[in-house]
Each structure stands twice: as structure tokens, then as C-alpha cells.
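Inside the fold
Residue-level listing of the chains:
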Amino acid sequence: MYNSLRPAVARPLTRRRLLVTAAGAAIGAGLGFPAFGQDTIKVGILHSLSGTMAISETTLKDVMLMLIEEQNKKGGLLGKKLEAVVVDPASNWPLFAEKARELITKDKVSAVFGCWTSVSRKSVLPVFKELNSILFYPVQYEGEESERNVFYTGAAPNQQAIPAVDYLMSKDGGEAKRWVLAGTDYVYPRTTNKILEAYLKQKGVADADIMINYTPFGHSDWQTIVSDIKRFGSAGKKTAVVSTINGDANVPFYKELGNQGVKATDIPVVAFSVGEEELAGLDTKPLLGHLAAWNYFQSIKSPINDTFIKTWQTYTKNPKRVTNDPMEAHVVGFEMWVKAVQKVGTIDPDKVIDALPGIEAPNLTGGISKMLPNHHITKPVFIGEVRADGQFDVVWKTDGLVPGDAWSDYLPGSKDLEADWVTLKCGNYNKVTRTCGGA
Amino acid sequence: MRAYCHRLLALAAVFLVILFTATATRADPYEDALAHFLADNFNSTIEGINGVASSGHPLAEKVVGALQSGRLLFSAEQKRIFYRDRDDGDNLYDALTGTSAAAPPGDLSPVRLNNRVRGIIEGVIGSLTLLSPDPAKRLAAAQAVFKSRDATALPTLEQAIAKETNSRIKRALIEARATVILFLDSTSEADKTAAVATIRERGDQDAIGVLRGLPAGAPPDVKRLAADAIVAIERSLAIWDTLQNAWYGISLGSVLLLAAIGLAITFGVMGVINMAHGEMVMLGAYTTYVVQEIIRARYPGLFDYSLFIAIPLAFLVSGLVGILVERCIIQFLYGRPLETLLATWGLSLILQQAVRTAFGPTNKDVGTPSWMSGSFDLGHIAITYNRLSIVVFTLLVFVLLLGLLRFTRLGLEMRAVTQNRAMAASMGIRTGSIDALTFGLGSGIAGIAGVALSQIDNVSPNLGQGYIIDSFMVVVFGGVGNLWGTLVGALTLGIANKFLEPVAGAVLAKIAILVLIILFIQKRPRGLFALKGRAVEA
């Protein structure tokens, strides 16, 4: 009897699981949210509320609901109330596309705020192009993309990864000479590391001084890798780790670093995916002094940030609830969308898309961010050090705002490309061949 | 001549004036150094640290120590520096005079640090505490100087080496002196040669680090010796590396075993495909979280024992859920594996979402008791206490379970029921309740595994998903229905994985293991330790 079972155990797991989660999500989505009245402007929220990404994305759904509620208190938009339509794509990439289609065709939303992983963004892209709608994407990502229907309010690599490496190379950052690029094995870390590798080599770092390491999602046994990093770091040159390790796997990684006695003063780790929200769920002792690069930290003092934190904690009825970088991206993105709609006086997607470049909105760290013709925004870059209370101390920041660059200047295929949706009307214009359509 | 005299007098006068003003403004190098902490700027803070350290002031060690732990405070308004004394209930003292600060100003804020400043502080404290009466401090100081290579510490080092009686600390001091000598241009070649020998004897990664990083100006002979030493150390470390990998393999294997051992009972012994097994592990981890929350809130002194309290509770929680599941769902599905698979799968989703609703989607912070933090060195292998505890704990659970099945009445009845249900029933064994108890036992052990896994993995609703496939792999590979097979299977997979990982990378290693298992199952469908006899046909 067991014989016949064994193959059944190993193989159909994933496909069945997908089906079951899909069914569960469909039920969840059907519940929807109560409408304000007949004449409303609908805003779609496409964030996973179940599955592995729920840990990060649930917060973004909450912040969107809060922003919409605040906007309605101010009288709504174009004299109408805003109405949130929440769907749950359940951390399931194909389901993202299905849910996006549902939001646009069935619910007729005027814009969608959503997605976290690059895979989910890539899966909804064709839907937004086909149905000509608007997506605001709030998470730092690998760049190498600019679509007419998408507005990228998170950081491009030149707004997070490159400044972080510059910091580590500076005197204050410890003048690192040897680099470990550690990441989870998927598109964002792979592309970011490719850009960083090219950048480091351009800065004169030898091949032998760069170690690249990938681990599966949710990797929990870091013993070998941490001792590899230790060994790599004992070559007599200052070593730094640039971590694109995703969410969950970070906790055991930092624990192992702490247990094997790797201190931030010896080998600092700068992370691109560890924020306040992630730190809230873990013992910060082994992380003290390690770094994170973001465009926003909760600990940054500014009147607008103080107000935002207070509103958020009142809204969630939790005085300890933290804020983080992708939340700020949604705040800025939502404000920009509202201003663009007010400017053109309609929710017609073509008009709003054309109106968005050039729109300015205050970011939460005291500056004014601007939507650029390449659909990315200008952002300040901060390096923060982990504090015992799970917040960050800003130890470095850029002088002004850094404009987001869709196509990296350090990759051979993309340095000739330019995205400009205002004059060139093209997301991948080749400056050498003077054609639209990539390399 | 006279004019010359006048000129000389004038010069002397100028010199005196300069001297006077200098002493007037720079009344005290210590006070001057303290003022640097007011700037709230990292470069200035570093100047302050170096100034305080070189002032020789009796408060220097206290001030730098306070700075290291964030207890050095400054008032920008009053331009004064204060420190909180850890040995004295965090009372506030004036850093200039060392007297208790009666009326502290309102705008106190800590002097900020970054990694560069922290590194410098470590070196400075090392140099300052080389002669400390506390042996632990002396050892830490020697290790800090080994890293900082602070040339000014050399005289103190000589003094400390002469005085030291503890052989381990003496060794560390001599190694520290060797690095200082190697990185100082003014030392003789003979000294440097001796220093290379000392470092070579140390023989670890840090030693290689020192030898690789030799300054470019070092004498060629010393460089050659260093290169030889690096080769020798690397050769000996290669052997240690193999041992280290073996240890990592055992440690990974014990985690796999712990996760799989409950499944070895429910799937291996009972033949139930329990897809909710991972969720039983997760329930155990959440029980640990709840126990720790209660301890933190009510009895903070008990925190180091929290895991011991959590173990029986996790066993009970997961075990009871297991019995409930068996009575309500699985007992109706015996002999229908596909339905069992689907039903338990649905159950796993329900349990996950239930926990997500009750505790929220974010990870929960399960603390590590102090006795499980850190590591010790066995030769050149670093063994972390948390992994060691898990290995020991797993073996303990394994032995207990084996004993339970072998020597107790319950175990006997379990084996009887699984081997021949009809016969067992006719001998008067209530097979229904034995089924429930066996399933409860398997689930309870999964709960215990959750307590241990909460120490090395995230406590989130998805915790169990990461282990379910690995657990099935171990049980199937080891041979269904055999606990020893599970043990050998888990350790083999763990060790194979850890030897593949440095070569192929973590992602490929995992794929390779999966491919190997598939090939192995083709060859030996019943796994490593196949059951023989009539039981198999049942």
C-alpha cells in the first residue's frame, strides 16, 4: 500500500496547494468591502493577505485603507467619495494577474495600488497594458523596467543599492575592500547583484574580492554560509556583506551571525529588505550595529512623519505599530495620484498617466518627491543602524534627493537605454540606435 | 651683539606668551578631549576617544566604557558631558570631575556611535584594560589589541606579558604583541620573524587574516615566511573544514530528524499521510511563544527555563489537537490515502489561517535563553550552543521514543495494531483508542520539535510548510515504519547536504539531494531500512 503512495507524496504537492489556496482566496475576495454610495471612485488594493507574503503586504493594505479614509475625511476626490476594493492574491503569482483583471474589468477601479515581489509585478504587467489601467508599485526593486501603466514609487537600484555600497566604501562605513553579495535566489537579488558587481568592478574591486551567494526562499540553515563569510572576511582586508536576502530568511541568518561571533564592527551587513516591520518580529540583540539602506525610517524626525506615525497608530489602534519604507512609498504615490486626478479633473487613465510626471508630493522625511518622466520618483537615501528597540539610527544620508533610474548605468545591456514617457513616449529608448524597443 | 641679545629676549618673550596662552586654553588634555563629544559628529567623537585615552586620566576607562554601551550623554546647552555608571545603578556622574550630577540638564542625549567608532572604542578599551585585575577583561583586552594593532599599546603589552600568570591570557597577549610588531615599521626583522612564527602557531582564520594583510613595506624574508605560514595554516584548516562540515551536517540532520520523527510515527507506523504535520510543529512553536510572553510579563526571572516549561505544554497542545484530528477526521479515512491527503491538507490551511488570525501575520519574537546563545571553539571548529542543544535534545527524544515503543505496554499495543490490526483487535486491544493515542503521540512529538525549531527559525504561520516536504523525504528515504531508518536517513541527508553546499551552493545542493533521493527510491522503493515479512503486505 505504501508503495503506491510514495510518488503521490512528493509530486503533486505544489499544484494542489495552489488550487486550494486559489479557492480560499476566491472566497476571501468575494467578501469585498461595503460601498459608500452609488457614485464613488474606486481604488484597487492588490496585496496578499494570506500565504508567505502576507507578513509584509497586509500592512500595505492597511495603510491604503487609512489613506483612503483620510482622503474621504477631506471631502473625497472630485466631489466623490473614494472606495477601496480589497482583493487577496494569496502570495500566488498567477492569481495576481487574475485578481488584477477582476479589479479593472469587474470593479472598474480607477487605479490599483499593489504588488510586492517582482514576480507578482511581472505577472500583472500584461493585464495593466491590455486593459490600460494604472498600477502604483511601492517596493524597492531591481529596475530594468519602465512601463507606461506602472508608477514605481519604491527605490530603483541607484536609490538604495549603489548609495549603500558607496557608504561602505567611505571612511565612515569602514572602507570595505572585499564584498559578499548574499541574496535569495530570485530576480530582484540576481539583478541587483549583477548591477553591484559591475559597479564594484568599475570601482577597481578585483574578481577575487567579490563573493556571490544565493540561497533558496525561507532558507533556515545558515551555518555553512556564515562560516564561508567568516573565512572570506579573514583575508586581511575589510569585508562587508550586502544582503538582498528576503524577509523571513533574515532572522536565522542574523542569529547565526551572532552565534558565530561575527560582529558588525568586523563584518558589517547592509540589508535592502530588512525594515522596522521585519525587526518587530525578532530578537534584535544579534543585529545591533548592522545596517539597512532605505528611503525612509520611522525614527526620522520631521513634523509630517510625526503626524503620519500618530495617525497610523490611532488608525490601527496599536500604539506600538511600526511604519516602514514601502508604506511611505504608498503615501507618496497616493498623494501624487490624488493630485494628478485633481489636475485633470477626471479619472480617465490616459489623462492621469500623462498628468503624473512632474507632479510633486511631500515625502515623510521632510523633502518633496517628484514623479519623473521615467515613472520613477526622486527620493532621499538613508543608511540606518539597527538599534536595540528595533528602530534605526540614521548614520548617513545623501545630500539631496536622488532621481530614480529605470535602466542601470552599470549593466552592458541597459546603459544605453532611457525611459521617458513625456517626450520620447518610450520605456526603453536606445540612445545609440535611436529607436524605441530596447537593446 | 646687543641686538642679537634683544632678539633673543624678544623670541623668548614670544615663546613664553605662546606657552602661557597654550596652557590657559589647553588647561587639561582630558577636558579638551571631552569637549569633542559635544559636536555630535563621528569624526569629532573619534578625536575625543583618542584624546581621552591618551590623557591618562583616571576616569578615561569609565568614560570610554560608558560611550561603548551608549551611557555617555551630552548636554548641548550647558556644554557638559555626563556618564551613567553601570556598577552604580545607572546614576549620573559629571564626566569631568567624576562627581555625582545633582541637577542634570534637561537636554541630555547619548553620544552617537557607528561601526567605525565602535571598532576604535574596542581597540582603545583593549589598550586601557590590558592590566586589569579581572582575567576575563585582560583576555578580551588582548583579543581587542590583536585586532586593533594599536602601536601605542606595545609598552603596556610587554608589561602585561611579564606579569601574566594565566597561560591562556599570556598566549593571547603574546599574539597581540606579535601583530603589533608586524604592523609597526620600526621593529627589527628578527622580531618580525619571531612574530610570524607566533601567528603561525595560532593557526586559525584570524591568523591568515593578519599574515595576508601584512603592510607592503615588510621585509621580503618576513613576507616569504608569512606566505609559507599561510600555506601551512590553510592545509591544516582544510582538515578542520571537513570536520566542521560534518558537524554542520549532523546539526542539520538532527533538525530534519526532529521534524520527521513525529511523522515517522503517524506516516511510518500508522500509514497516515498527514499533511498537517508541519502545522503541529508550528503549534508547538507558538506554544513556546505564549509561554515566553507569560514569563516575560509575570515571572521575568524564569526566562532561562522557558523552554523547559514549553516542552511539556507543546507536547500537550499538539498532542491534543492530534487526537482531536484523528477522532474527528482521520479515523473515517483509514485505507483511503488520497482522501486523507486532501483532508489533512485542508486542515493544514485552516490551522495556518487560524493562527494568522489569532496572532497576526507577522513573525513572533521567541527569545533565546542565555545558555543557548554564543559558541565555543573545539579545535578550529566553532560550535554554537543552540545547535549543540538541538542535537542533544533530538537524540534524547529519539531514545525516549524508542524506549516507549519497545518497553511500554502502550508501545507494545501500538506495534501490535500497526502490524496486524485484526489480530490485535481479537486479542482484546481497543484499536480505535490506540490509533488515537498513536496519532496524538506523533503530533505531540511534532509539537516538541516546534519548541526546538523556534530557536533557529521564524515563528510564523508558515513555519510548518518549510519542514513538511523535508520530513516526508526523510521518512521515505529512511524506510517507512522504521525509527532507525528515520535516524540514519535524516543524518545522511543532512551530512550529504552540507558537503554538497560549499561546492554547489545552497540552491543546487537542495536540488541534487532531491534528484539523488528519486534515483534511490527507484532502486530501493522501500527505503534504506525496509520492513520485511507479512507486515509489509498489510
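Residues numbered from 1 in each chain as written. Chains lettered and ligands numbered in written order. Predicted model: local features only at pLDDT ≥ 70, side-chain atom pairs only at ≥ 80, totals over all residues.

Moving on to the overall build of chain B. Helix and strand counts for chain B stand at 21 helices and six strands. Relative to a compact globule of 538 residues, whose C-alpha radius of gyration would be 24 Å, chain B shows 33 Å and is clearly more extended. Structurally, chain B occupies a C-alpha span of about 130 × 60 × 40 Å along its principal axes. Burial analysis of chain B (538 residues in total) assigns 44% to the buried set. The contacts of chain B with a sequence gap of at least 6 include a subset with a gap of at least 24, amounting to 67%. (Helix = DSSP H or I, 4+ residues; strand = E, 2+ residues; numbered from the N terminus. Rg over C-alpha atoms; globule rule 2.2 N^0.38 Å. Buried ≥ 20, exposed ≤ 12 C-beta atoms within 10 Å, placed from the backbone. Contact = placed C-beta atoms within 7 Å.)

Quick look at the overall build of chain A now. Looking only at helices and strands, one finds 13 helices and 19 strands in chain A. For chain A, whose C-alpha radius of gyration is 22 Å, the value lies close to the compact-globule estimate of 22 Å for 439 residues. With the C-alpha coordinates aligned to their principal axes, the bounding extent of chain A is approximately 70 × 65 × 50 Å. For chain A, buried positions account for 56% of its 439 residues. Nonlocal contacts in chain A, meaning residues at least 24 apart in sequence, comprise 68% of its contacts between residues at least 6 apart.

Attention now moves to the environment of Arg200(B). Residue and element names in this part refer to chain B. With respect to the secondary-structure elements, Arg200 resides in helix α9 (residues 189-202). Along the sequence, Arg200 and Asp228 sit 28 residues apart, while their C-alpha atoms lie 9.2 Å from each other. Dropping the residues within four chain positions of it, Arg200 is found in contact with Ala207, Ala229, Ala232 and Ile233.

Residue and element names in this part refer to chain A. Its domain assignment divides chain A into domain 1 (2-133) and domain 2 (158-294). If you look at the interface, domain 1 gives five residues, while domain 2 gives five residues. Listed by contribution, the elements that provide at least two residues to the side of domain 1 that touches domain 2 are α3 (54-73) and α5 (118-131). In terms of residue count, the dominant contributor to the side of domain 1 that touches domain 2 is α3 (three residues). When the residues that make up the side of domain 1 that touches domain 2 are grouped by side-chain class, the tally is two nonpolar, three polar and no charged. (Domains from an automatic or database assignment. Nonpolar A, V, L, I, M, F, W, Y, C, P; charged D, E, K, R; others polar.)

Split into domains, chain B comes out as domain 1 (14-116), domain 2 (129-218) and domain 3 (240-537). Here the C-alpha centroids of domain 1 of chain B and domain 3 of chain B sit 56 Å apart.

Attention now goes to the packing of helix α20 (residues 483-504) of chain B against helix α21 (residues 506-523) of chain B. To characterise two packed helices, one gives the angle between the axes of the helices and the distance between these axes. Residue and element names in this part refer to chain B. Across the interface, α20 lies against α21 with an axial gap of 8 Å and an inter-helix angle of 140°. Taken together, the axes of α20 and α21 lie oblique to each other. In the packing of α20 onto α21, the handedness of the crossing is right-handed. Seen from α20, the contacting residues are Leu493, Ala496, Asn497, Leu500, Glu501 and Ala504; seen from α21, they are Ala506, Leu508, Ala509, Ala512 and Ile513. A per-class count over the contact of α20 with α21 returns nine nonpolar, one polar and one charged. (Axes fitted to C-alpha atoms, helices over the stretch in contact; angles between N-to-C directions. Parallel < 35°, antiparallel > 145°, perpendicular 65-115°, else oblique. Left-handed = near helix turned anticlockwise from the far one by under 90°.)

Here the focus is the pairing of strand β2 (residues 80-85) of chain B. Residues and elements named next belong to chain B. Where strand β1 (residues 72-75) lies against β2, four bridges are found, and the strand directions are antiparallel. By the bridge assignment, Ser75 is partnered in β2 with Arg80. Between β1 and β2, which pair antiparallel one after the other, the connecting turn spans four residues, and Lys79 there sits at a positive phi close to 55°. The sheet contact formed by β2 and strand β3 (residues 91-94) spans four bridges and is antiparallel. Within β3, the position partnered with Tyr83 by the bridge is Tyr93. Hairpin connection, β2 to β3: the antiparallel pair is bridged by five residues, and Gly89 has positive phi, about 55°. (Pairing = 2+ DSSP bridges.)

With that settled, the discussion passes to the interface of chain B and chain A. Taken residue by residue, the interface counts 60 residues in chain B and 57 residues in chain A. Breaking the side of chain B that touches chain A down by element, the ones donating at least two residues are α5 (115-128), α10 (205-212), α11 (220-269), α14 (337-359), β6 (381-384), α19 (465-478), α20 and α21 of chain B. The leading source of residues in the side of chain B that touches chain A is α14(B), at seven residues. Its residues assigned to classes, the side of chain B that touches chain A comprises 22 nonpolar, 25 polar and 13 charged.

This brings us to the packing of helix α3 (residues 42-55) of chain B against α5(B). Residues and elements named next belong to chain B. Contact pair α3 / α5: the axes reach a minimum separation of 10 Å and the direction vectors enclose 0°. By the criterion of interaxial angle, the relationship of α3 to α5 is roughly parallel. In this structure, α3 contributes Phe42, Thr45, Ile46, Ile49 and Ala53 to the contact, and α5 contributes Arg116, Val117, Ile120, Ile121, Val124, Ser127 and Leu128. Classifying every residue of the contact of α3 with α5 gives nine nonpolar, two polar and one charged.

Residues and elements named next belong to chain A. With phi around 50°, Lys108 is a residue other than glycine that occupies positive phi space. By the element assignment, Lys108 lies in the loop between α4 (93-106) and β3 (111-114). The partly exposed category is assigned to Lys108, around which 13 C-beta atoms lie within 10 Å. Even without glycine at this site, His375 takes up a positive phi of about 70°. Mapping His375 onto the fold places it in the loop between β12 (368-370) and β13 (378-379).

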